[in-house]
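Results of the structural survey
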Amino acid sequence: RLQLLHYLCGLAAADADASVREKDMLRHIAFALRLEQADIDSVFAMFGAGVDDAYTVLGLSRDASDEDVKKAYRVMAMKHHPDKVSSLGDDVRKAAEEKFKSIQDAYEKIKKERGIK
């Protein structure tokens, strides 16, 4: 279900700007898929470029501790690891790798901003 939402968000972002109407429809679909709000926000943020988006990808607020950042990254990495969907075919695996890279990029942005080693 998360992978489907990620595909749809990717399609909406393909023209470099998802309209308000597209985002509303994606939220409607996400709720119909019974996804949790934190997961929906995380997937949407994967298509943003700012540090605030990076925090959202990991499900964190800016006031999270460095230890919370590391823990959130580990949880998200395990939840979205491409090996979990490798049996579903190459297309799904490649999309999962893209999502996993978004999680890694978010973690790297936060680490760089905070000076975490």
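Remember, predicted model here, so these are calculated numbers, not experimental data.

1. Some thoughts on the side chain of Asp39
The topology assignment puts Asp39 in helix α3 (residues 37-45). If we ignore the near neighbours within four places in the chain, the residues touching Asp39 are Leu2 and Lys79.

2. Structural notes on unusual backbone geometry
Among all residues except glycine, the phi angle is most often negative; among peptide bonds, the trans geometry is most common. Unlike most non-glycine residues, Arg34 shows phi in positive territory, near 60 degrees. Among the secondary structure elements, Arg34 is positioned in the loop between α2 (20-32) and α3.

3. Some remarks on the environment of Ser42
Tracing the chain through its elements places Ser42 in helix α3. Through-space distance from the C-alpha of Ser42 to that of Asp17 is 18 Å; in sequence the pair is 25 residues apart.

4. Quick notes on the nonpolar core
Soluble globular proteins tend to bury their nonpolar side chains together. Ranked by size, the top nonpolar core spans 19 residues in total, and within it Val57, Leu58, Leu60, Val69, Ile103 and Ile110 carry the most contacts. Of all the elements in the fold, those that place two or more residues in this core are α4 (51-57), α5 (66-79) and α6 (90-114). Setting aside its immediate chain neighbours within four residues, Ile110 contacts Ala54, Tyr55, Leu58 and Val69. Counting residues in each nonpolar core, the second largest holds 11 residues, with Leu2, Cys9, Ala18 and Phe44 among its members.

5. Details of α3
Three or more residues of α3 are buried, namely Asp39, Ile40, Ser42, Val43, Phe44 and Ala45. Buried residues in α3 make contact with α1 (2-13), α2, α4 and α5.

6. Let's talk about the packing of α1 against α2
How two helices pack is summed up by the angle between their axes together with the distance between the axes. At a closest axis distance of 11 Å, the pairing of α1 and α2 adopts a crossing angle of 175 degrees. With respect to α2, the element α1 is oriented roughly antiparallel. Of α2, the residues touching α1 (which contributes Leu5, Leu8, Cys9 and Ala12) are Glu22, Leu26, Ile29 and Ala30. When its residues are assigned to classes, the contact of α1 with α2 shows seven nonpolar, no polar and one charged.

7. Notes on the pattern of salt bridges
Under the definition given, this model contains nine salt bridges. Between Arg27 and Asp41 there is a salt bridge; the shortest N-O distance is 3.6 Å. Linking Arg27 in helix α2 with Asp41 in helix α3, this pair joins segments that are 14 residues apart in sequence. Given the relative accessible area of 27%, Asp41 is considered partly exposed.

8. Examining the side chain of Ser102
With respect to the element layout, Ser102 can be found in helix α6. By relative accessible area, which is 16% here, Ser102 ends up buried. Apart from the residues lying within four places of it in its own chain, the contact partners of Ser102 are Met46 and Val57.

Rules behind the numbers
- Residues numbered from 1 in each chain as written.
- Predicted model: local features only at pLDDT ≥ 70, side-chain atom pairs only at ≥ 80, totals over all residues.
- Heavy atoms only, no water.
- Helix = DSSP H or I, 4+ residues; strand = E, 2+ residues; numbered from the N terminus.
- Contact = heavy atoms within 4.5 Å.
- Core = buried A, V, L, I, M, F, W, Y, C linked by side-chain atoms within 4.5 Å.
- Buried < 20%, exposed > 50% of the residue type's maximum accessible area, 1.4 Å probe, protein only.
- Axes fitted to C-alpha atoms, helices over the stretch in contact; angles between N-to-C directions.
- Parallel < 35°, antiparallel > 145°, perpendicular 65-115°, else oblique.
- Nonpolar A, V, L, I, M, F, W, Y, C, P; charged D, E, K, R; others polar.
- Salt bridge = Lys/Arg side-chain N within 4 Å of Asp/Glu carboxyl O.

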